[in-house]
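Descriptive structure summary
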Amino acid sequence: MKEENREYGQVAFDIVEHASKKIGSRLPGSEGERKFHDYMCEKLEEIGITPVKEEFAVSPRSSIGGLSYAGYFGMIMSALTYFALHNYYLWFAMAFAGIIFVFWLVSSCFFYRKWFDMFFPQKISMNSYGELLPEDGKYDYTIVLSGHTDTSWTWRHSENTYKHRNNPVLGLITVYGKVGFGAICVFLNIGIAIAMALIYGAMIISTSCGVDASGYSFTSDLAANMYEWAFNITSSASFKVFTNIVLLILPVITGIGSAFVSMWGDAHEENASRGAMDNATGIGLSYAVIKYFKDHPEKMPKNCRIIDYNCGAEEAGLRGSMAFTAEHKDDGMLENCWNLNIDSVADKDYFEVVIKDDWQGCRFDKDLEKMFKDTFAELGIESKTNGCIHNPVGGCDSTPMTRAGVKSVTFAAQNPMLTYYYHTWRDMPERFEAETVSTGFDVLLGVIDKIDKFQQENGFNGVNH
């Protein structure tokens, strides 16, 4: 890193150590998360910046925090199979529940929609921020540096791969093997319930539409076809084998597989991630940058306002950034706005700019992407990811920002493979070097310099997908 910036890199790393060791886990809406916001607001006050706090309601378990519910659902469906074999009406209830469950899983856990939040317990999370204005108080555009304050529930299967830390391939196989098998079992239960409901439903509907007791006289061709289809299936030898043998054994297997999924997220707050990398590094770097410009006003970008934004409840489905953009969409804060979202800067061999959330279908700003890549090259940073990745699962806070018309990308230095420390209590500062965080500070200053030049040459050109 640049020697003149070393003290600010240490400022960021000191925040990482305080967050992970003095505060610890910071689940969305928890006391730990609130303590971290209070701490960062005090840090802003120390350098003469007035902090602002904005509370919002969050349902932590309605989104990705509720993935373990899929396992419980699979175990319940496995047990109910034995009852449904003696009362086929139960298949209809199981099929309906399965369809609702899949809709919740896809919309809430994969796409982060808020439709089901009202059905889950709520907590109060918050966003906090402070702004640094030019000395004359006039500005034409805004740079928001953001990171999220909260941490994740420990992913138990990932944490268990610590014993394979020297053989990451084996670790991946064990995690994806257990969870993948469990996911198959959960969806297999749902698929069987829907299929059985369709078969028995066809018989009931066709009978009510004109099939007589003998099954030979019909008043409707459609009813006749439905009855014939269902009758041929239920009277076949394979169906009898399936219901009399397979469905006596299969629920035991699917129940065990579903149990693997139920163990995915450790529900205990004391076991949650300590969040050194993810994402005290982002919070620390955002603060270090605003402190740098507070200390050196002569180096501020021309006509620029800088905001240090601490985002809450990211791990609960980007709820903090959603609340922030909703709160400020009409008050001018997000006009002519650039967002450098910082999320996990710790793995020195994996400096990268995240350019897209695949699940969210959101492509981030190409101008910022180029600025980060050019800065990596200027600083001589070599990355095993070639300095650029998509976020293959979940999402990051650049998505709500981009959708609000802000030019945004996410900056990270994180091994994109599933690791024993990602979203586990093992995410501690001893695992990585303060030098890596300091290099992240150099990167951010380099990108801000490029934003300054871009603004002077081009002005604000809007989100460039």
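First, a word on scope: everything that follows refers to the structure included in this document.

A count of helical and extended segments in the chain gives 13 helices and nine strands. Seen through its principal axes, the chain has C-alpha atoms that stretch 95 × 50 × 40 Å. Across the 465 residues that make up the chain, the buried fraction comes to 55%. As displayed, the chain has an accessible area near 20,000 Å², and 57% of this comes from carbon and sulfur atoms.

Turning to the environment of Leu334, a few remarks are in order. Along the chain, Leu334 falls in the loop between α10 (319–328) and β5 (337–345). In this structure Leu334 comes out as buried when scored by relative accessible area, which is 8%. Here Leu334 is in contact with Phe324, Thr325, His328, Lys329, Ala404 and Val406, once residues within four sequence places are set aside.

Here we take up a negative patch on the surface. The grouping of Glu327, Asp330, Asp331 and Glu335 at the surface amounts to a negative patch. Position of Asp331 among the secondary structure elements: in the loop between α10 and β5. Residue class for Asp331 comes out partly exposed when judged on its relative accessible area of 47%.

The next point concerns the packing of helix α2 (residues 31–46) against helix α9 (residues 276–295). Closest axis-to-axis distance for the α2/α9 pair is 11 Å, and the angle between their directions is 15°. Regarding the angle of α2 to α9, the classification is roughly parallel. Between α2 and α9 lies a crossing whose hand is right-handed. Contacts from Phe36, Met40, Lys43 and Leu44 in α2 reach Ala280, Ile283, Tyr287 and Ile290 in α9. Taken together, the residues that form the contact of α2 with α9 break down as seven nonpolar, no polar and one charged.

Axis separation between helix α1 (residues 6–23) and α9 bottoms out at 8 Å; the angle between their running directions is 140°. As summarised for this structure, α1 and α9 are arranged oblique, according to the angle between their axes. You can see that α1 and α9 cross each other, and the crossing is right-handed. Side by side, α1 and α9 meet where Tyr8, Val11, Ala12, Ile15, Val16, Ala19 and Ser20 of the first sit next to Ala276, Ala280, Thr281, Ile283, Gly284, Leu285, Tyr287, Ala288, Lys291, Tyr292 and Asp295 of the second. Looking at the contact of α1 with α9 residue by residue, the class counts come to 13 nonpolar, three polar and two charged.

Across all of its chains, the model carries 19 salt bridges by this definition. A salt bridge links Asp295 to Lys291, with the nearest nitrogen and oxygen atoms 3.4 Å apart. Taken together, the positions of Asp295 and Lys291, both in helix α9 and four residues apart, correspond to about one turn of that helix. Of the charged contacts in the structure, one is a salt bridge between Lys370 and Asp374, with a shortest N-O distance of 2.7 Å.

This part covers the side chain of Thr142. Counting through the fold element by element, Thr142 comes out in strand β3 (residues 141–148). For Thr142, a relative accessible area of 1% puts it in the buried group. When residues no more than four places from it in sequence are discounted, the contact partners of Thr142 are Arg305, Ile307, Met333, Asn336, Cys337 and Trp338.

All right, on to α10 then. For α10, every residue scored as buried is listed here: Arg319, Gly320, Ser321, Phe324, Thr325 and His328. Its buried side turned inward, α10 meets β1 (52–58), β2 (123–132), β4 (304–311) and α12 (398–403).

Another point: the state of the cysteines. Chemically, a disulfide is nothing more than a covalent bond linking the sulfur atoms of two cysteines. Going through the model one piece at a time under the given rule, you end up with zero disulfides. Take Cys109: it sits in no disulfide, and the sulfur closest to it among the cysteines is that of Cys396, at 18 Å. A disulfide-free cysteine, Cys362 has its sulfur positioned 8.3 Å from the sulfur of Cys396, the nearest such atom.

Let us look at the environment of Leu368. With respect to the secondary-structure elements, Leu368 resides in helix α11 (residues 366–378). Judged by its relative accessible area of 0%, Leu368 falls in the buried class. Not counting the four nearest positions on each side in its chain, Leu368 is found in contact with Trp338, Asn339, Leu340, Lys407, Ser408, Val409, Val447 and Ile451.

To continue, consider unusual backbone geometry. Asp278 connects to Asn279 through a cis peptide bond whose omega is 10°. Here Asn279 lies in helix α9. Even without glycine at this site, His423 takes up a positive phi of about 60°. Of the residues examined, His423 reaches a relative accessible area of 5% and is grouped as buried.

The alternating pattern of strand β8 (residues 388–391) places Ile389 and Asn391 on a buried face and Cys388 and His390 on a face that is not buried. Strand direction decides the pairing type here: strand β6 (residues 351–357) and β8, joined by three bridges, are parallel. Bridge pairing in β8 links Val354 to Ile389.

This part is about the side chain of Glu315. Relative to the elements of secondary structure, Glu315 occurs in the loop between β4 and α10. At 8.5 Å, Arg26 is the nearest oppositely charged side chain to Glu315, a buried residue that forms no salt bridge. Side chain to side chain, Glu315 and His423 meet in a polar contact 3.2 Å long. Residues in contact with Glu315, not counting those within four places in the same chain, are Pro28, Ile64, His148, Asp150, Thr151, Ser152, Trp153, Asp278 and His423.

Our next topic: the nonpolar core. By size, the foremost hydrophobic cluster in this structure holds 66 residues, and its most contacted members are Leu340 and Phe372. The element best represented in this core is α9, accounting for eleven residues. The next biggest cluster of nonpolar side chains, apart from the first, holds 25 residues, and it includes Phe101, Leu105, Phe120 and Met196.

Definitions and limits used
- Residues numbered from 1 in each chain as written.
- Predicted model: local features only at pLDDT ≥ 70, side-chain atom pairs only at ≥ 80, totals over all residues.
- Heavy atoms only, no water.
- Helix = DSSP H or I, 4+ residues; strand = E, 2+ residues; numbered from the N terminus.
- Buried < 20%, exposed > 50% of the residue type's maximum accessible area, 1.4 Å probe, protein only.
- Areas by Shrake-Rupley, 256 points an atom, 1.4 Å probe, with all protein chains shown as cover.
- Contact = heavy atoms within 4.5 Å.
- Patch = residues over 30% accessible without salt bridge, like charges linked within 9 Å, V, L, I, M, F, W, Y side chains within 5 Å.
- Salt bridge = Lys/Arg side-chain N within 4 Å of Asp/Glu carboxyl O.
- Lys, Arg positive; Asp, Glu negative; His and termini not counted.
- Charge placed at Lys NZ, Arg CZ, Asp CG, Glu CD.
- Axes fitted to C-alpha atoms, helices over the stretch in contact; angles between N-to-C directions.
- Parallel < 35°, antiparallel > 145°, perpendicular 65-115°, else oblique.
- Left-handed = near helix turned anticlockwise from the far one by under 90°.
- Nonpolar A, V, L, I, M, F, W, Y, C, P; charged D, E, K, R; others polar.
- Disulfide = S-S within 2.5 Å.
- Pairing = 2+ DSSP bridges.
- Polar contact = N/O pair within 3.5 Å; in protein donor to acceptor, adjacent residues only side chain to side chain.
- Core = buried A, V, L, I, M, F, W, Y, C linked by side-chain atoms within 4.5 Å.

Keep in mind that these numbers describe shape and distance, not what the molecule does.
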